[in-house]
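Listed below are the residues making up each chain.
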Amino acid sequence: MLTADQARSDLRILKRALVTLHPGLYRNATPAQIDAAFTAADAEVAQGAERAQMFLLASKLAAAVRCGHTWASPYNQSQAVRDEVFARADKLPFTLRVVEGRFLITGSMLPELKVGSEVLGIDGRDAAQIAAALMPYLRADGSADGKRLSQLDSGRNGGAMDRLFPLRFAPQDGRYQLRLHEAAGQAPRSLSVPAVREAARDAAGLKPEPDDWRFDIDGDTARLTLPSFAFWNSRFDARGFLARSFAELRAAQTPFLVIDIRRNEGGDDALGQALLAYLLREPFTIAGGRRESAYERVPYILARYLDTWDFGFFDRTGQARRGSGRNWLLSDSEAQRIEPTAMPYDGRSVLLVGPQNSSAGFVLARDMQRSQAAVLVGQPTGGSQRGLNGGQLAWITLPASGVAVDIPLMAHFADGDPPDTGVMPDVVVPQRFDDAAAGVDTDLEAARKLIGGWRR
């Protein structure tokens, strides 16, 4: 238990860090809105706070910035938070996916809880009420609410039902009361299920799907699945994988290619450019843009709480000049000319996209559409055409609670006045709960239908 003074000190440090370091703090939120969020948080800890409450508050404060890179990332939390918050026996004993605003069970630890069932309610709250209650804690750029809702799905890019839901609505006496609809023609029923630890659920085989890249050819259509561009400290040779895959495509003379990036949040955007080069028929130029920083040098009083992969981010002496507003101006990002590879793919391509695409995933979807290298099929992406905060990042670990919050250190601004939206696919595919429950991949089926038209 933190005292009120300890909790309020952590909140002051977090606010100072955001105001001092975050160049896009007021891109999608006003100073008054940020101040109001911290004032409300300060009132909540007037009697002190548990570590779990501080994690929840930090998540809400980060989400108020409305930036997809600003959040209490589970990957950077202190061991104390991992042990005391994430390792609790308060998780649902199943995995789920949100389709048409409804909760679909995709995996279950319990034989009485069937995959494909719909969860109508948990402890008396229906899916819409739960989603509305968690929305203020979910991260996304600007107006990308589809990205926010996608975090209710189980998986590496989601997990809000594991990290946030139990802190908002704790199980009663170690159990959750479910209201279920299992099949058409059957009446809903109630079921009491135990809350479990995430490790126990993983041991039961319900681990998140791995981020491994995959490539296969089936008849005249190949499928390339790229769930992530994040391979920091990994030995995986992504460029070599692409080279081998496209060499195999050429050898087999496969006329159609489906590229699935629906689970790709981002990582190294150079990998997206490498992929694009295999699909281009002529050079394509990615426009540059304005880049800004909130500081010239990070003050020591904050630096001691920060971590990152490159401490050169903390000193921009000689790299930044004072702007007319709050931020410092960095050199503009230069336009990038992407040349086709020596032997580009000469078939036709489909890119499957969805709301999880943000950061480099969003950028790839945007550039694929603008270059006409592929037809985009699926759901609107996350991200924002106005520009993103990212490229350089640090995380601050609050000293009393051990809660860590990711803070992007660079803001990118697109030229002109583009809309605050992600990328709209060329073919938007309606999602149907009954199809998902039956295991039908509606996006993939739409891609196959499109390819079927190309064959004629």
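Residues numbered from 1 in each chain as written. Predicted model: local features only at pLDDT ≥ 70, side-chain atom pairs only at ≥ 80, totals over all residues. Heavy atoms only, no water.

A. Structural view of helix H5 (residues 127–134). For H5, the full list of buried residues reads Ala127, Ile130, Ala131, Ala133 and Leu134. The buried residues of H5 all sit within an arc of 165° when viewed along its axis, so they share a single face. Residues of H5 that are exposed and angled more than 90 degrees away from the buried face: Ala128 and Ala132. Looking at the buried residues of H5, the elements they touch are strand E2 (102–108), strand E3 (118–122), strand E4 (125–126), helix H6 (145–150), helix H7 (160–163) and helix H8 (165–168). In this structure Asp126 caps H5, since a side-chain oxygen of it lies 3.2 Å from the backbone nitrogen of Ala128. (Buried < 20%, exposed > 50% of the residue type's maximum accessible area, 1.4 Å probe, protein only. Helix = DSSP H or I, 4+ residues; strand = E, 2+ residues; numbered from the N terminus. Arc of directions from axis to C-beta. Contact = heavy atoms within 4.5 Å. Polar contact = N/O pair within 3.5 Å; in protein donor to acceptor, adjacent residues only side chain to side chain.)

B. Quick peek at the packing of helix H11 (residues 269–279) against helix H13 (residues 360–371). Running from N to C, H11 and H13 cross one another at 25°; their axes reach a closest spacing of 9 Å. On the basis of their axis angle, the class for H11 and H13 is roughly parallel. Pair H11 / H13 crosses with right-handed handedness. Contact residues: Asp269, Gly272, Leu275, Leu276 and Leu279 in H11; Ala360, Leu364, Asp367, Met368 and Ser371 in H13. Along the lines of polarity and charge, the residues of the contact of H11 with H13 split into six nonpolar, two polar and two charged. (Axes fitted to C-alpha atoms, helices over the stretch in contact; angles between N-to-C directions. Parallel < 35°, antiparallel > 145°, perpendicular 65-115°, else oblique. Left-handed = near helix turned anticlockwise from the far one by under 90°. Nonpolar A, V, L, I, M, F, W, Y, C, P; charged D, E, K, R; others polar.)

C. Geometry of the pattern of salt bridges. Taken as a whole and assessed by the stated rule, the structure comprises 26 salt bridges. For the salt bridge of Asp35 with Lys15, the shortest nitrogen-to-oxygen distance reads 2.9 Å. Taken together, the positions of Asp35 in helix H2 (residues 31–44) and Lys15 in helix H1 (residues 4–21) put the pair 20 residues apart, joining distant regions of the chain. Of the residues examined, Lys15 reaches a relative accessible area of 26% and is grouped as partly exposed. The residue Arg290 makes a salt bridge to Glu292 at a minimum N-O spacing of 2.7 Å. We classify Arg290 as partly exposed; its relative accessible area is 35%. Ionic contacts of the salt-bridge type, sharing partners, join the residues Arg156, Glu209, Asp211, Arg214 and Arg263 into one network. (Salt bridge = Lys/Arg side-chain N within 4 Å of Asp/Glu carboxyl O.)

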